[in-house]
Amino acid sequence: RQRRIPTDGEKMSRFKDVRGFRLHAERGCTFWRFNIEVELQEKQQRIAYRINRGPCMAFWVPARAHAMNMMFHSCNGFSASVNPDDLSGPDPMWRDVLNNHQSQPFHVMIGGGDQIYNDSLAQKCELFDEWLDIRNPQQKHSAAFTAEMQDEMEEFYLGRYCMWFSRGLFALAASQIPMVNMYDDHDIFDGYGSYPDHYMKSPVFTGLGAVAFKYYMLFQQQTVLTETENT
């Protein structure tokens, strides 16, 4: 890296302080967003950044009038029936991504869905698990989505996202390669969207989808539901 990048922007006083604004706050966590604009040059550029004098990270932007070097991935996780240890977890794939990134930087990574697997919702959220066990169809489809159930789910999704985005090589890749992500069932719950209509329209499944979408927007799109194209 030292051979490739002989100059340091901070030492040359070529840096800019970017003020963050609070996007959302809940459960003792605050989401901040920093809007950054980079003018493209004749050559690709490595843009270094740090937050609150923390460790220095960096991402790359392509040269003007040149195509981006893109990386595509999907299904970054394992279903409940698979033991991740048998496959050494997700890190082997992300180690390969980061190794390639060192020699030929990726300008963007496109997530084709299932960026994280949240299938363990059924095991971790007792109230939802109890609802899944209801055998009477009429009782199941009319059961209320209670505030207690919502609270349990929000705690689960926030914890899952914080874990994925702060540990392992996926977190490292996410801090170095700008991302654009699609939305798929495992980001919510295994098979979500493909159940029968009466199941999907039930209060519990509708509430589940709304909770999962809120955290998808926060972590994977860096926005909130109230933001529109105008804002």
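Not measured: the values here are computed from a predicted model.

### As for the overall build of the protein
A count of helical and extended segments in the protein gives 8 helices and 7 strands. Structurally, the protein occupies a C-alpha span of about 70 × 40 × 30 Å along its principal axes. For the protein, contacts bridging at least 24 residues in sequence account for 68% of all contacts bridging at least 6. Surface summary for the protein: the accessible area is close to 14,500 Å², and the carbon and sulfur share equals 51%. Here the protein carries 23 positive and 29 negative side-chain charges, and the mean point of each set is 13 Å from the other.

### Focus: the environment of Asp185
Turning to its location among the elements, Asp185 is positioned in the loop between strand 7 (179–181) and helix 7 (197–200). Sequence-distant contacts of Asp185, that is, excluding residues within four places in its chain, are made with Asp114, Asp190, Gly191 and Tyr192.

### Points about helix 5 (residues 147–164)
When the terminal C-alpha atoms of helix 5 are compared, their 26 Å separation across 18 residues agrees well with the 26 Å that a helix rising 1.5 Å per residue should span. Buried within helix 5 are the following residues: Met149, Met153, Glu154, Phe156, Tyr157, Leu158, Arg160, Tyr161 and Trp164.

### Brief notes about the environment of Pro90
Here Pro90 shows up in the loop between strand 5 (70–73) and helix 1 (91–103). On the accessibility criterion, Pro90 (25% relative accessible area) is partly exposed. Not counting chain neighbours up to four residues away, the residues in contact with Pro90 comprise Asn76, Phe78 and Trp164.

### Comments concerning the nonpolar core
By size, the foremost hydrophobic cluster in this structure holds 45 residues, and its most contacted members are Phe128, Trp131, Tyr157 and Leu208. Taken together, the elements giving at least two residues each to this core come down to helix 1, helix 2 (121–124), helix 3 (126–132), helix 5, helix 6 (168–174), helix 7 and helix 8 (203–220). For this core, the leading source of residues is helix 8, giving 10 residues. Beyond its immediate stretch of four places on either side in the chain, Phe128 contacts Leu121, Ala122, Glu152, Met153, Phe189, Val204, Phe205 and Leu208.

### Some remarks on the pairing of strand 1 (residues 21–26)
In this structure, strand 1 lies alongside strand 2 (residues 29–33), joined through 5 bridges in antiparallel fashion. Paired with His24 across the strands is Phe31, a residue of strand 2.

### Focus: the sheet that holds strand 6 (residues 108–111)
Reading across from one edge, 5-6-7 is the order of the 3 strands in this open sheet, with parallel pairing throughout. Looking at the sheet topology across the chains shown, the edges are occupied by strand 5 and strand 7. The mean angle between the axes of side-by-side strands here comes to 20°, regardless of whether they run parallel or antiparallel. By the bridge criterion, 4 bridges tie strand 5 to strand 6 in an arrangement that is parallel. Bridging from a neighbouring strand, His73 pairs with Gly111 of strand 6.

### Regarding the side chain of Arg33
Take Arg33: it is sitting in strand 2. For Arg33, the side chain forms a polar contact with the main-chain oxygen of Gln222, separated by 2.6 Å. Apart from residues no more than four positions distant in its own chain, Arg33 is found in contact with Arg19, Gly20, Phe21, Leu23, Gln222, Thr223 and Glu227.

Parameters at a glance
- Residues numbered from 1 in each chain as written.
- Predicted model: local features only at pLDDT ≥ 70, side-chain atom pairs only at ≥ 80, totals over all residues.
- Heavy atoms only, no water.
- Helix = DSSP H or I, 4+ residues; strand = E, 2+ residues; numbered from the N terminus.
- Contact = heavy atoms within 4.5 Å.
- Areas by Shrake-Rupley, 256 points an atom, 1.4 Å probe, with all protein chains shown as cover.
- Lys, Arg positive; Asp, Glu negative; His and termini not counted.
- Charge placed at Lys NZ, Arg CZ, Asp CG, Glu CD.
- Expected span 1.5 Å × (residues − 1).
- Buried < 20%, exposed > 50% of the residue type's maximum accessible area, 1.4 Å probe, protein only.
- Core = buried A, V, L, I, M, F, W, Y, C linked by side-chain atoms within 4.5 Å.
- Pairing = 2+ DSSP bridges.
- Axes fitted to C-alpha atoms, helices over the stretch in contact; angles between N-to-C directions.
- Polar contact = N/O pair within 3.5 Å; in protein donor to acceptor, adjacent residues only side chain to side chain.

These results come straight from atomic positions and should not be treated as a statement about function.
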